[in-house]
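Next come the chains, spelled out residue by residue.
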Amino acid sequence: MTELSYENDGVSDEAIGDPWGISDETRDALADRLGRARQSVIDGHSSGNLGFLGLPDANPSGLTAWAHRKREGRWTDAVVIGIGGSSLGTEAIFQSADSSQLDGLNLHFSSNIDPRSVDRLLDTVPLDTTLFIVVTKSGTTVETMSQFAIIFERLVDQLGSGRAAAQIIAVTSPDSGELRSLADRHGFESFDIPPNVGGRFSVLTPVGLVPLALAGYPIQELLDGAASMRDRFLERDPENNAILRAAGDIFSLYQRGMQELVLMNYADDLEGLGEWFRQLIGESLAKAENRRADTVHAGITPIAATGAVDQHSQVQLFMEGPDRRLVIFGGLDTFDADIEIPDHALPERLNHLAGHSLADVMDAERTATREALQEAGRPTAELMLPDLRPASIGAFVIFWESATAILGELLDIDAFNQPGVERGKRIAHEKLL
Ligand code: PA5
């Protein structure tokens, strides 16, 4: 398999000079700290406190067989009801696939409680042949549990309580939370979210694997790609370790005042992964206090952009606006479909486009935008995926999860909690009492 590659010439002092350019001395000075950060992530993994790095080793054959039986049965559709880490990753991976090539159930997502969207969804799916996968680790999230209540009551009204219960699949904590109690009481089929894996790190648990398997997505290949990226992260020396190099660049620039991290992917099918990345970086690294309880208000604002469309939208800001961001360009080494621009159809002034394929043009647009930013002295890097195969997507997931964990160590914050989110959740419940 060709590897996911990270290239960072555009952050070096030779490329962009002061104030952002990173020198070899700066890299050398950070090397020990990066090594210690990796060791502490490895220790967390070995002690079982940090679950996400072990997830790629799961054997999904039981789950695949279960999903196969469901797909062979009378079910046509499945709806994921969940929000944030309980759905963004699943939706992103599903979007990256060519759904016409998946031979499973039609998969839908319902996160927001916008009444029009929920109403539309319930009008769209055939109620008696649809499975509803309710995903919530806490079991108390307002958006998810409100939708569950509406759907369950509708199912009970139309089909009776026995059949209704057979259409709900609960994905939640193994032995705590309101959804777990409901699952036990009504006899819903259920899957566990491991306690040592937080929401936004959970896409390789049943949170993502259950819906993806029902849709017919090859989850074993996804896990294989994640495992091989994880092994490279654990084994390779820092200079050849893409995750450590990326985390080191982001941290060095953050120390100099960088406030925004842009991931600009030149592929429509990576858009969902951009949104997943945004949550991962935003929620994990923004913390009021560090681990010693000093007030730090750490955080990096993540921005997801899509090339080439955002060249006509956000790039003017990246190029000439406040100088405070790293832009990581992403894309695919190969598109599995391509179209050539024909001869003779264009006016003479544009004839140089003829004969190029759209993938060539995409490539030229990406490299040109990067070059222009570099000329303006702005830091850039590149993170390319070989293709959209599940193994590449699994590698991408582990890349950013591990880089986030390393950044948490470097910033000396807890990257795995979200007290700000919890505060809002609590007040929302209080308002609705
Ligand atoms: O990453 C996180 O922890 C959050 O985004 C949660 O996933 C999100 O708030 C949903 O929580 P829950 O799974 O408890 O419904």
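Here is what the cut-offs are and how they apply
- Sequence order as written defines residue numbering, which begins from 1 separately in each chain.
- A pLDDT threshold of at least 70 governs which residues receive local features in this predicted model, and a stricter bar of 80 or more applies before side-chain atom pairs are shown or counted, although totals over entire chains, interfaces and linings include all residues.
- To obtain the side-chain values, all non-hydrogen atoms of the structure were used and water was disregarded.
- Inter-axis angles, ranging from 0 to 180 degrees, are taken between N-to-C directions of lines fitted to C-alpha atoms, where helices are fitted over the stretch in contact.
- Comment: elements are numbered from the N terminus, with helices defined as DSSP H or I runs of at least four residues and strands as E runs of at least two.
- Oblique is the label for any angle not under 35 degrees, not over 145, and not in the 65 to 115 range, which are roughly parallel, roughly antiparallel and roughly perpendicular in turn.
- Contacts are assigned to residue pairs that have any heavy atoms within 4.5 Å of one another.
- Throughout this entry, Asp, Glu, Lys and Arg are counted as charged residues, while Ala, Val, Leu, Ile, Met, Phe, Trp, Tyr, Cys and Pro are counted as nonpolar. The remaining residues, Gly among them, count as polar.
- By convention in this text, a residue qualifies as near a molecule or strand provided that one of its non-hydrogen atoms is within 4 Å of it.
- Two N or O atoms form a polar contact when they lie within 3.5 Å of each other; inside protein one atom must be a possible hydrogen donor and the other a possible acceptor, and for residues adjacent in sequence the pair counts only when both atoms belong to side chains.
- The method works on a 1 Å grid over the protein atoms by themselves. A cavity is a set of points holding a 1.4 Å probe that cannot get out, a pocket is an open set with protein on both sides within 12 Å along at least five of seven lines, and residues with an atom within 4 Å of a point line them.
- The way we define it, a molecule is inside a pocket or cavity when more than half of its atoms are within 2 Å of that pocket's grid points.
- Burial classes follow relative accessibility: with a 1.4 Å probe on protein chains only, a residue under 20% of its type's maximum area counts as buried, one over 50% as exposed, and anything between as partly exposed.
- An automatic or database domain assignment supplies the start and end points of every domain.
- What makes a salt bridge here is a side-chain nitrogen of Lys or Arg within 4 Å of a carboxyl oxygen of Asp or Glu, nothing more.
- Grid points are joined across faces, edges and corners, and a volume is the space filled by probe spheres set on the points.

Asks: Before we go on, may I ask you to explain the packing of helix H2 (residues 24-47) against helix H10 (residues 219-235) in this structure?
Replies: Two numbers describe how H2 lies on H10: the axes approach to 10 Å, and their chain directions differ by 125°. In terms of orientation, H2 lies oblique with respect to H10. When H2 is examined against H10, the residues Arg-38, Val-41 and Ile-42 are found in contact with a partner set consisting of Phe-233, Leu-234 and Glu-235. Considered class by class, the residues forming the contact of H2 with H10 number 4 nonpolar, no polar and 2 charged.

Asks: So what exactly am I meant to see when it comes to the site of the ligand here?
Replies: With respect to spatial proximity, 14 residues lie near the ligand, and among them Ser-86, Thr-136, Ser-138, Thr-141 and Gln-279 are the closest. One of the side-chain N or O atoms of Thr-141 is found 2.5 Å from an oxygen atom in the ligand. Arg-200 is positioned with one of its backbone polar atoms (N or O) 3.0 Å from an oxygen atom of the ligand. When atoms are counted within 2 Å of each cavity's grid points, the one that captures over half of the ligand is the second largest pocket. When its residues are assigned to classes, the shell around the ligand shows 1 nonpolar, 9 polar and 4 charged.

Asks: Mind showing me how you'd approach the environment of Leu-223 here?
Replies: Structurally, Leu-223 can be placed in helix H10. For Leu-223, a relative accessible area of 0% puts it in the buried group. As for Leu-223 and Leu-209, which are separated by 14 residues in sequence, their C-alpha atoms are 9.6 Å apart. Among all residues touching Leu-223, those that are not within four sequence positions of it are Leu-55, Pro-56, Ala-58, Pro-60, Leu-204 and Leu-209.

Asks: Would you mind going over the domain arrangement of the protein with me for this structure?
Replies: A common way to state how big an interface is: give the accessible area lost once the parts meet. Structurally, the protein comprises domain 1 (5-44 + 222-422) and domain 2 (53-217). Here the C-alpha centre of domain 2 lies 30 Å away from the C-alpha centre of domain 1. Taken together, the contact between domain 1 and domain 2 spans 31 residues of the former and 22 residues of the latter. Taken together, domain 1 and domain 2 are joined by 2 salt bridges. Note that Arg-200 is salt-bridged to Glu-283, the shortest N-O span being 3.1 Å. Across the domain 1-domain 2 interface, the total number found is 8 residue pairs in polar contact (both at pLDDT 80 or more). Those elements that place two or more of their residues in the side of domain 1 that touches domain 2 are H10, helix H12 (271-285) and helix H15 (390-411).

Asks: Help me understand the layout of surface pockets, please; the structure alone is not making it clear to me.
Replies: The gaps left among the atoms become clear once a water-sized probe is rolled over them. Within this model, the largest pocket holds a volume of roughly 770 Å³. Asp-269, Leu-332, Phe-335, Asp-336 and Leu-388 are the residues nearest the centre of the largest pocket, which is lined by 28 residues in total. Per element, the largest residue contribution to the lining of the largest pocket is 5 residues, and it comes from helix H14 (residues 358-375). Two domains each put at least three residues into the lining of the largest pocket: domain 1 (5-44 + 222-422) and domain 2 (53-217). Each pocket or cavity is described by its volume, and for the second largest pocket that value is around 600 Å³. Elements with a contribution of two residues or more to the lining of the second largest pocket: helix H6 (142-159), H12 and helix H16 (419-431). A per-element tally of the lining of the second largest pocket places H16 first, with 6 residues.

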